[in-house]
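# Tertiary structure, described
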Amino acid sequence: CSNHNHTLWSNSQAVPLFLSEMAPCQHRGKLNNIFQLMITIGICLANLVNYETNTIKGGWGWRLSLGLAVVPACAMIIGSIFVPDTPRSMIDRGKNDEAKETLRRIRGTVDVDAEYKDMVVQSKFKDNEQSWKAIFSRKYRPQLVMALAIPFFQQFTGINVIMFYAPVLFRTIGLGKNASLMSAMITGAVNVAATFVAIFTVDKFGRKLLFNIGGVVMLICEIVIGSVIAYKFGWNGLGKISGWYSTILLFFICVYVGGFAFSWGPLGWLVPSEIFPIEVRSTLQCVTVAMNMLITFIIGQAFLWALCHA
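Keep in mind it's a predicted model, so treat the numbers as computed, not measured.

## Some thoughts on the overall build of the protein chain
Secondary structure summary: the protein chain contains 15 helices and zero strands in total. By the burial criterion, 39% of the 310 residues in the protein chain qualify as buried. Long-range contacts, defined as pairs at least 24 residues apart, comprise 74% of the intrachain contacts of the protein chain with a sequence gap of at least 6. Total accessible area computed for the protein chain in this model is approximately 17,100 Å², and 68% of it derives from carbon and sulfur atoms.

## Quick notes on the side chain of Thr-53
Structurally, the position occupied by Thr-53 is in helix 2 (residues 28–53). Among the polar contacts listed, one links the side chain of Thr-53 to the backbone oxygen of Val-49, at a separation of 2.7 Å.

## Description of a nonpolar patch on the surface
Together, Ile-56, Trp-60, Leu-64, Leu-68, Val-70 and Val-71 give the surface a local cluster of nonpolar side chains, amounting to about 540 Å² of exposed area. Its location among the elements puts Val-70 in helix 4 (residues 70–82).

## Some words on the packing of aromatic side chains
A complete count under the given rule lists four aromatic pairs for this structure. Aromatic pair Phe-152 and Phe-153: ring centres 5.2 Å apart, planes at 85°, arrangement edge-to-face. With relative accessibility at 47%, the residue Phe-153 sits in the partly exposed group. Three or more aromatic residues joined by ring pairs form one cluster here, namely Phe-152, Phe-153 and Phe-156.

## Observations concerning the packing of helix 2 against helix 14 (residues 264–275)
Two elements in contact, helix 2 and helix 14, have axes separated by 9 Å at closest approach and are oriented at 130°. Comparing the axis directions of helix 2 and helix 14 gives the class oblique. Between helix 2 and helix 14 lies a crossing of right-handed hand. Residue-level inspection shows Arg-28, Gly-29, Asn-32, Asn-33, Phe-35 and Gln-36 of helix 2 in contact with helix 14, the latter providing Gly-265, Pro-266, Trp-269, Leu-270, Ser-273 and Glu-274. Along the lines of polarity and charge, the residues of the contact of helix 2 with helix 14 split into four nonpolar, six polar and two charged.

## A closer look at the UniProt feature "transmembrane region" (unreviewed entry) in the protein chain
Those residues carrying the UniProt feature "transmembrane region" (unreviewed entry) are residues 31–49, 61–83, 144–168, 180–202, 209–231, 243–271 and 283–307 in this numbering. The span residues 31–49 is 100% helical and 0% strand by assignment, and the distance between its end C-alpha atoms comes to 27 Å. The annotated region residues 61–83 carries 87% helix and 0% strand content, and the separation between its end C-alpha atoms amounts to 35 Å.

## Quick notes on helix 6 (residues 96–107)
With twelve residues, helix 6 extends 16 Å between its outermost C-alpha atoms, agreeing within 8% with the 16 Å of an ideal straight helix rising 1.5 Å per residue. Buried within helix 6 we find Ala-99, Thr-102 and Leu-103. The arc that holds every buried residue of helix 6, seen down its axis, measures 105°, which confines them to one face. Relative to its buried face, helix 6 has exposed residues pointing more than 90 degrees away, namely Asp-97 and Arg-105.

## A few points about the nonpolar core
In terms of nonpolar packing, the biggest core is built from 25 residues, with Ile-159, Ile-162, Ile-253, Tyr-256, Val-257 and Leu-267 touching the most fellow members. The set of elements that each furnish at least two residues to this core consists of helix 10 (159–172), helix 11 (177–205), helix 12 (207–233), helix 13 (244–261) and helix 14. In terms of residues, this core owes the most to one element, helix 13, which gives seven residues.

## A word on the pattern of salt bridges
Evaluated as defined, the whole model comprises six salt bridges. Between Asp-85 and Arg-93 there is a salt bridge, with the nearest N and O atoms lying 2.2 Å from each other. Since its relative accessible area comes to 33%, Asp-85 is described here as partly exposed. The exposure class assigned to Arg-93 is partly exposed, which follows from its relative accessible area of 43%. In this structure, the salt-bridge partner of Arg-207 is Asp-203, at a minimum N-O distance of 3.2 Å.

Rules of the game
Residues numbered from 1 in each chain as written. Predicted model: local features only at pLDDT ≥ 70, side-chain atom pairs only at ≥ 80, totals over all residues. Heavy atoms only, no water. Helix = DSSP H or I, 4+ residues; strand = E, 2+ residues; numbered from the N terminus. Buried < 20%, exposed > 50% of the residue type's maximum accessible area, 1.4 Å probe, protein only. Contact = heavy atoms within 4.5 Å. Areas by Shrake-Rupley, 256 points an atom, 1.4 Å probe, with all protein chains shown as cover. Polar contact = N/O pair within 3.5 Å; in protein donor to acceptor, adjacent residues only side chain to side chain. Patch = residues over 30% accessible without salt bridge, like charges linked within 9 Å, V, L, I, M, F, W, Y side chains within 5 Å. Salt bridge = Lys/Arg side-chain N within 4 Å of Asp/Glu carboxyl O. Phe/Tyr/Trp six-rings, centres within 6.5 Å; stacked < 30°, edge-to-face > 60°. Axes fitted to C-alpha atoms, helices over the stretch in contact; angles between N-to-C directions. Parallel < 35°, antiparallel > 145°, perpendicular 65-115°, else oblique. Left-handed = near helix turned anticlockwise from the far one by under 90°. Nonpolar A, V, L, I, M, F, W, Y, C, P; charged D, E, K, R; others polar. UniProt positions renumbered as here; feature names shortened; annotations may be inferred. Expected span 1.5 Å × (residues − 1). Arc of directions from axis to C-beta. Core = buried A, V, L, I, M, F, W, Y, C linked by side-chain atoms within 4.5 Å.

Quick look at the structure:
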């Protein structure tokens, strides 16, 4: 768990920031959403591995499932060797010539003087700012509020209850062990597919529209899911869901996951990386990730307790 959390922390902090500094502005949205796509593919593959290793006899399945995590870890280590640093980061550390050469290489042109000079000016301005003290000033108060609010509401959509505990949740509503793992695979596949919607629409229709549509879709699905479970289980938690009710629940859970995957999922990382001023961007990105991890921890710890005491 600690290795997973450390990886998630470092990637969530570094990758959106890296992409916001490297990507051309006209492609920033879709490139940043590809980061979320890779996360959803990883979740889907993890569900597939869990399903396949569940059939191994002798209690070795979960050990193999955990051990296979070394494969993506090695890929990340090897890939990081070949990833260039951002020009902005190089300028901040006084490597101006290297920064200009890297900027030419990633833009595919030698005509980068205007962008380079702008980075130099912003870097000098950053040197005059004390980032952690500055974010609490009136000037950056709107950005600080967004750094806290966006990850807070992203996690309180409840998505990590589905992503963390899908097999447990599906077994609770009456599905068998294998059927629960298969249902988790289905939701993982929906998560991947819906993320493609964000990639191809975020730069065309904008961020706000996707936020609104995704929020409405998730709200409707949560009302339906909650109503069905309340009807079948009642207040005492005694009951059983089978037949069409299980199908209906699985369908609306998939729609809910899809609604998150094209809206609050990718946009929860994209929008903060875009709205933070460059001089305090890395600091506010830390705040965003810290809030995300805090709420994820609270929800992860609270859900099973609530489920077992319902």
